[in-house]
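Chain residues, written in single-letter form:
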Amino acid sequence: MSDNFDEVTSLGARLEELRIEHRDLDEAIARLTATPTDDQLMLRRLKKRKLLLKDRIALLERMLTPDEPA
C-alpha cells in the first residue's frame, strides 16, 4: 500500500512542478508578446513547450483522478 501512496505523492509533486513551469512559460510568452522582438523562433519554442506541458499536466491529472464507478 505504501508503494501506491508514494507513487501518487510523486505524481502529485511532478504535477505541481509542471503547473509552475507552465505558468512561468505563460508569463515569459506574455512578456515576449508585449515587447516588439524579432525573436519569433524563441516565441514559437516557448509556445510549443507550453502545449507539451499542458498535455503532460492533463495526463497526470487523469492518472491521479480515481475512476468513477459505472
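What counts, and where the lines are drawn
- Residues numbered from 1 in each chain as written.
- Predicted model: local features only at pLDDT ≥ 70, side-chain atom pairs only at ≥ 80, totals over all residues.
- Heavy atoms only, no water.
- Core = buried A, V, L, I, M, F, W, Y, C linked by side-chain atoms within 4.5 Å.
- Buried < 20%, exposed > 50% of the residue type's maximum accessible area, 1.4 Å probe, protein only.
- Helix = DSSP H or I, 4+ residues; strand = E, 2+ residues; numbered from the N terminus.
- Contact = heavy atoms within 4.5 Å.
- Expected span 1.5 Å × (residues − 1).

### As for the nonpolar core
- Formed by L11, L15, L18, L25, A28, I29, L43, L46, L53, I57 and L60, the largest nonpolar core amounts to 11 residues.
- Of all the secondary structure elements, the ones that give two or more residues to this core are α1 (2-34) and α2 (40-64).
- Top element by residues in this core is α1. It accounts for six residues.
- Those residues in contact with L43 that lie beyond four places of it in its chain are I29, L32 and T33.

### Some details on α2
- For α2, which comprises 25 residues, the first-to-last C-alpha distance of 36 Å matches the rise-based estimate of 36 Å (1.5 Å per residue) to within 8%.
- Along α2, the residues that are buried comprise L43, L46, L53, I57 and L60.

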